[in-house]
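# Tertiary structure, described
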Amino acid sequence: SQQGEEDPQALSIQEGENATMNCSYKTSINNLQWYRQNSGRGLVHLILIRSNEREKHSGRLRVTLDTSKKSSSLLITASRAADTASYFCATDGDSGGGADGLTFGKGTHLIIQP
Amino acid sequence: DAGVTQSPTHLIKTRGQHVTLRCSPISGHKSVSWYQQVLGQGPQFIFQYYEKEERGRGNFPDRFSARQFPNYSSELNVNALLLGDSALYLCASGRRGPNYGYTFGSGTRLTVV
């Protein structure tokens, strides 16, 4: 079963604009990760935020985590056509060692219009 | 360094057959996980192996099995294939323990007809 939901399911913006995606989850977590997937192929790890962190940056990416609301957001600034992809949040449960695997949402499909 | 390699890339099987999918992790990574991704959905966790032992199992029937070899490569086996097993099967390589991201392979696209 899916742990959470990304919102929106699809997002279309103009190149250069910022894109914001949200993720909600249901159970307690060790960390939350964001992945990108191009055209139904392998996932690319973007960023990991630990349960005791509230915000993290990596290049044009900014992730926030609110464990009280069980939600996270991914902001991509100054979007480029190459950012067109599906974006998934994934939670790593607090059983330790990843034994429960990652639990993914259904993803947000982002389209950057040139 | 080579990334996570999966083989084959595409596969077509008939209902009732069995299939073996293969994965080689990144050198130095001892953990391999398998995920099933049905079209339009996020990946779902099937198994995690670490040091050749099963460390976690998702909610999949016993038709699904896996193993990890001494060189840390892994096989996923699915018996008595159903049409619903058609999916992209992804392998993820990582270090054991929390707070590490995973590196995914490009996947095997399985079609059951």
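Above this text sits the structure in question.
A brief structural summary.

Rules used throughout
Residues numbered from 1 in each chain as written. Chains lettered and ligands numbered in written order. Predicted model: local features only at pLDDT ≥ 70, side-chain atom pairs only at ≥ 80, totals over all residues. Heavy atoms only, no water. Helix = DSSP H or I, 4+ residues; strand = E, 2+ residues; numbered from the N terminus. Contact = heavy atoms within 4.5 Å. Buried area = accessible area lost by both parts, 1.4 Å probe. Salt bridge = Lys/Arg side-chain N within 4 Å of Asp/Glu carboxyl O. Polar contact = N/O pair within 3.5 Å; in protein donor to acceptor, adjacent residues only side chain to side chain. Nonpolar A, V, L, I, M, F, W, Y, C, P; charged D, E, K, R; others polar.

## Focus: unusual backbone geometry
- Between Asp-7 of chain A and Pro-8 of chain A the backbone carries a cis peptide bond, its omega angle lying at 0°.
- Within the secondary structure layout, Pro-8 of chain A lies in the loop between strand 1 (5-7) and strand 2 (10-14).
- A cis amide bond links Ser-7 of chain B with the next residue in sequence, Pro-8 of chain B, at an omega value of -10°.
- Positioned with a positive phi, Lys-70 of chain A is a non-glycine residue whose angle comes to about 50°.
- Relative to the helices and strands, Lys-70 of chain A is located in the loop between strand 7 (61-66) and strand 8 (71-76).
- In this structure, Lys-52 of chain B takes a positive phi of about 70° despite not being glycine.
- If you trace the backbone, Lys-52 of chain B turns up in the loop between strand 5 (44-50) and strand 6 (53-57).

## Quick notes on the interface of chain A and chain B
- Contact with chain A, which involves 25 residues of that partner, is made by 28 residues of chain B.
- Here chain A meets chain B over a buried area of about 2000 Å², counting both sides, of which 46% is carbon and sulfur.
- The tally of links between chain A and chain B comes to 0 salt bridges.
- On the surface where chain A and chain B come into contact, there are 4 residue pairs in polar contact (both at pLDDT 80 or more).
- Within the residue set of the side of chain A that touches chain B, elements represented by two or more residues are strand 4 (29-37), strand 5 (43-50), strand 9 (85-93) and strand 10 (102-104) of chain A.
- The dominant element in the side of chain A that touches chain B, judged by the number of residues it contributes, is strand 4 of chain A, at 5 residues.
- Across the side of chain A that touches chain B, the residue classes tally to 7 nonpolar, 13 polar and 5 charged.

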